[in-house]
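Here's the letter readout for the chains.
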Amino acid sequence: MAAVVQLDEIHKIYDSGEVPVHAVRGVTLTIAAGEFVAIMGASGSGKSTLMNLLGCLDRPSRGRYLLDGTDVSALDRNQLADLRNQKLGFVFQGFNLLSRTTARENVELPMLYGRRAFTSREVRERALRSLDIVGLSQRADHFPSQLSGGQQQRVAIARALINEPQILLADEPTGNLDSKTSVEIMGVFQKLNEQGITIVMVTHELDIAHYCKRNLIMRDGRLVSDVAVEQRLSAAAEMQKILAAESAAKLTA
Amino acid sequence: MRFVNTIKVALRALRRSAMRSILTALGIIIGVAAVIAMVSIGNGAKSQVEASIASLGQNILLVFPGTANTGGMRGGWGSASTLTVEDALAIQHEVAGVVNVSPEMRDRSQVLANGLNWNTQVLGEDVSYLDIRIWSISDGEMFSEADVRSAAKACVIGRTVVNQLFPDSDPIGQTLRIRNIPFKVVGVLAPKGFNFRGDDQDDVVIIPYTSHLKRLARRPNLNSILVQATSPDDMPRVQQDITDLLQQRRSGREPDFTVRSQLEIAEAATATSKTMTVLLAAIAGVSLIVGGIGIMNIMLVSVTERTREIGIRLAVGAHGRDVLLQFLVEAIILSVMGGALGILLGIGASQLVSKLNNWPVLVSTSAIVGAVAFSAVIGIFFGFYPARKAARLDPIEALRYE
């Protein structure tokens, strides 16, 4: 399959402090279309920095990054913004939804900054379709405060999907969720991946990584492990187990 | 599309914190209202001054006699008694661009009628005096040319004199006595009110100047000559021509007269009220600036509060320009909305002031346009710094902001 992401000897050095911090030290990585990758590592291993680089929120200090064939290193701030808008979808640990703004309006947000002009009806319809994918179309007019954590994260996923991105980037998407809701969210990701969407996520939970197809481990700014996942977990099956356990608990109680 | 979206986003943000938006706009509302009210009141005062100057008559030149020097003691203007009726006739006949000339005598006298008495101004004038002063007779008629020629004992009187001497009766045809000389009242003047110096213009008795010279003053010299020119543009030339003519008639003697233009008097008076208007507007303008600073303050708070929002917007593809525009538009909407409400409040306040104090107010369009333009400029000026701060945020930092 065609490579969506090609990292070639990527370095990131922060010299804002007294001592320059070498956060990413020469990462070379290729991610093909349709992959489902988990990046793991202890805090300070450089996985978040790598994620920011992949997400075009930051530019590498050295090395070459081709996103869907485009060399990102040469782009300016606005061109990066357009790239994020067109080719990337973001899901954050803290959901990062706009409060006092309905689910639908949150999902519409990336379309406001698109290069193409849409009528407000088109925008609305696409937002509803996107919410439908994550199973929340009936909650379109709810505010984030009226939604559970899992529902909020699904709204965030719908927002990430609205511009039909090349890659979905998720930074600790289950970090703020309980285990059952985490499985629910991983189920959404697995379903999206089956539909052909490339997903790259950062996590520090090993069991969450087992829902993915490929696991990368970072340590001290370097990739130290790159393995395909054997015994991959299925969110649907895991959810069955959880529900069974729950009803068993109810019976015994 | 992108621009329209940005405006929608800004409006939505303002609506979401409606109370704060209103309080922020209040600074501008009060500022604009103050400017408009002050300018309106100032303009009203100015128009009143102008109206009272206009009531003096149009394009008027006054010829005063010069100073009299007696043994080294110099009297003021008018102390010499050197203007004659012949001077007045010469101006009438020889100076081009002169419409009316009225030789003038002034005097204060005790006037008796009906068993009542009253001290008032007694003017000796020509028939044309009423035309020059744009004055009219409300009852009866003006004394005639024939009355002037024959130095008749006829007079017209002002409303105040009517009230004082003929409180219960029709004055027309009755007699009043000035220094024991009986004058027949032939007309009553239309009320004219106070002039810009605060003198009661209706407290007057007007008789033919010939009668005044012959029967009251008993001397040949005039107090002044009132000249009306055809047009304001002509006045400097007419002034010069009168000066030249009188100088020539005095064949080389020291000039013993002075010619003054009404324009000079009017300019001085309007300059005062103009200064007052500018001063009031400047004070009100300060409150507009304070309002602007209020907007900047709130926008800065808003940018800090919404750092995460800005981070999200930047992450999903907003350009710095989009964020800048969003916050700038918010500030401009606040100030222009404030401006619009301020106009209504300002007009209302000036009407109220006008009603309560009986002052004339004049709401000028230029003040309204100026206030709105100024409030928009304030929005841009004070909104720009917070907006630029927002636009320059780093998306990663902004997303991490707690």
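Since the model is a prediction, treat every value here as computed from it, not as a measurement.

Colleague: I'm lost on the overall build of chain A in this one. Help?
Modeller: Summing up its helical and strand segments, chain A has eight helices and 10 strands in all. Relative to the 2.2 N^0.38 estimate, which gives 18 Å for 253 residues, the radius of gyration of chain A is 19 Å and therefore close to what a compact globule would have. For the C-alpha atoms alone, the extent of chain A along its principal axes is close to 55 × 50 × 40 Å. Evaluated residue by residue, chain A yields a buried proportion of 53% over its 253 residues. Across chain A, contacts joining residues at least 24 apart in sequence account for 69% of those joining residues at least 6 apart. For chain A, the computed accessible surface area is about 11,600 Å², with 48% contributed by carbon and sulfur atoms. Between the averaged position of the 29 positive side-chain charges in chain A and that of its 29 negative side-chain charges there is a distance of 3 Å.

Colleague: Hey, could you run me through the interface of chain B and chain A in this one?
Modeller: One frequent convention defines the size of an interface as the accessible area lost when the parts assemble. At the junction of the two partners, chain B supplies 26 residues and chain A supplies 27 residues. Between chain B and chain A, the buried area comes to about 2,400 Å², and carbon and sulfur atoms account for 55% of it. Summed over the three residues of chain B that lose the most area to chain A, namely B:R16, B:I312 and B:V316, the buried surface amounts to 24% of that side. Across the pair A:E105 and B:R12 runs a salt bridge, and its minimum N-O distance is 3.7 Å. For the pair chain B and chain A, the number of links is 11 residue pairs in polar contact (both at pLDDT 80 or more). For the side of chain B that touches chain A, the secondary-structure elements that each account for two or more residues are α1 (2-16), α10 (307-315), α11 (320-357) and α13 (395-400) of chain B. No other element matches α10(B), which puts six residues into the side of chain B that touches chain A.

Colleague: Please explain the sheet that holds strand β1 (residues 3-14) of chain A as it appears in this structure.
Modeller: Neighbouring strands of a sheet are bound in pairs by backbone hydrogen bonds; such pairs are parallel or else antiparallel. All names here are of chain A. Ordered by their spatial adjacency, four strands build an open sheet running β2-β1-β4-β5, and the pairing between neighbours is antiparallel. Of all strands in the sheet, those bounded by a partner on one side alone are β2 (21-32) and β5 (70-71). By the bridge criterion, two bridges tie strand β4 (residues 62-67) to β5 in an arrangement that is antiparallel. The residue of β5 that forms the bridge with L66 is D71. Contacts between helix α1 (residues 47-54) and the sheet are confined to β1, β2 and β4, with β1 contributing the most and set at about 125 degrees to the helix.

Colleague: Any chance you could explain the packing of helix α3 (residues 103-112) of chain A against helix α5 (residues 149-161) of chain A here in plain terms?
Modeller: Two quantities define a packed helix pair, namely the angle between the helix axes and the distance between the axes. All names here are of chain A. Two elements in contact, α3 and α5, have axes separated by 7 Å at closest approach and are oriented at 30 degrees. For the crossing formed where α3 meets α5, the hand is right-handed. Contacts between α3 and α5 involve A103, N106, V107, L109 and P110 from the first element and V155, A158 and R159 from the second. Per-class residue counts for the contact of α3 with α5 are six nonpolar, one polar and one charged.

Colleague: I tried to follow helix α4 (residues 120-133) of chain A on my own but got confused; where do I start?
Modeller: For the α-helix, the turn length of 3.6 residues means that residues three or four positions removed from each other point alike. All names here are of chain A. For α4, which comprises 14 residues, the first-to-last C-alpha distance of 20 Å matches the rise-based estimate of 20 Å (1.5 Å per residue) to within 8%. When we look at burial in α4, the residues that qualify are V123, R126, A127, S130 and L131. All buried residues of α4 project into a common sector of 140 degrees when viewed along the axis, lining one side. Exposed and facing more than 90 degrees away from the buried side of α4 are R121 and R129.

Colleague: It is not clear to me how the domain arrangement of chain B should be interpreted in this structure. Could you clarify?
Modeller: Partitioning chain B into domains gives domain 1 (2-52 + 268-400) and domain 2 (81-255). When each unit is reduced to the centre of its C-alpha atoms, the spacing between domain 1 of chain B and domain 2 of chain B is 56 Å.

Colleague: Got a minute to help me understand the sheet that holds strand β8 (residues 198-202) of chain A in this structure?
Modeller: All names here are of chain A. Taking strand neighbours across the sheet as the criterion, the six strands line up as β6-β7-β8-β3-β9-β10 in an open arrangement whose pairing is mixed. Whereas interior strands pair on both sides, the edge strands pair on one side only; in this sheet they are β6 (88-91) and β10 (222-228). Taking the axes of each pair of neighbouring strands and ignoring which way they run, one obtains an average angle of 20 degrees across the sheet. In this sheet, β8 lies alongside strand β3 (residues 36-41) in parallel orientation, the contact comprising four bridges. Within β8, the position partnered with I39 by the bridge is V202. Across the face of the sheet, α5 comes into contact with β6 and β7 (167-171) while running at roughly 170 degrees to β6.

Colleague: Help me understand the nonpolar core in this model?
Modeller: Across soluble globular proteins, you tend to see nonpolar side chains buried next to one another. The biggest cluster of nonpolar side chains holds 75 residues, and the ones touching the most others in it are A:V5, A:L7, A:I39, A:Y65, A:L67 and A:V200. Element by element, the count of residues in this core is highest for α11(B), at nine residues. Beyond its immediate stretch of four places on either side in the chain, A:I39 contacts A:K47, A:L50, A:L54, A:V200, A:M201, A:V202, A:T203, A:L216 and A:M218. Judged by nonpolar contacts, the second largest core, of 43 residues, contains B:A90, B:I91, B:L130 and B:L222.

The rules behind these values
- Residues numbered from 1 in each chain as written.
- Chains lettered and ligands numbered in written order.
- Predicted model: local features only at pLDDT ≥ 70, side-chain atom pairs only at ≥ 80, totals over all residues.
- Heavy atoms only, no water.
- Helix = DSSP H or I, 4+ residues; strand = E, 2+ residues; numbered from the N terminus.
- Rg over C-alpha atoms; globule rule 2.2 N^0.38 Å.
- Buried < 20%, exposed > 50% of the residue type's maximum accessible area, 1.4 Å probe, protein only.
- Contact = heavy atoms within 4.5 Å.
- Areas by Shrake-Rupley, 256 points an atom, 1.4 Å probe, with all protein chains shown as cover.
- Lys, Arg positive; Asp, Glu negative; His and termini not counted.
- Charge placed at Lys NZ, Arg CZ, Asp CG, Glu CD.
- Buried area = accessible area lost by both parts, 1.4 Å probe.
- Salt bridge = Lys/Arg side-chain N within 4 Å of Asp/Glu carboxyl O.
- Polar contact = N/O pair within 3.5 Å; in protein donor to acceptor, adjacent residues only side chain to side chain.
- Pairing = 2+ DSSP bridges.
- Axes fitted to C-alpha atoms, helices over the stretch in contact; angles between N-to-C directions.
- Left-handed = near helix turned anticlockwise from the far one by under 90°.
- Nonpolar A, V, L, I, M, F, W, Y, C, P; charged D, E, K, R; others polar.
- Expected span 1.5 Å × (residues − 1).
- Arc of directions from axis to C-beta.
- Domains from an automatic or database assignment.
- Core = buried A, V, L, I, M, F, W, Y, C linked by side-chain atoms within 4.5 Å.

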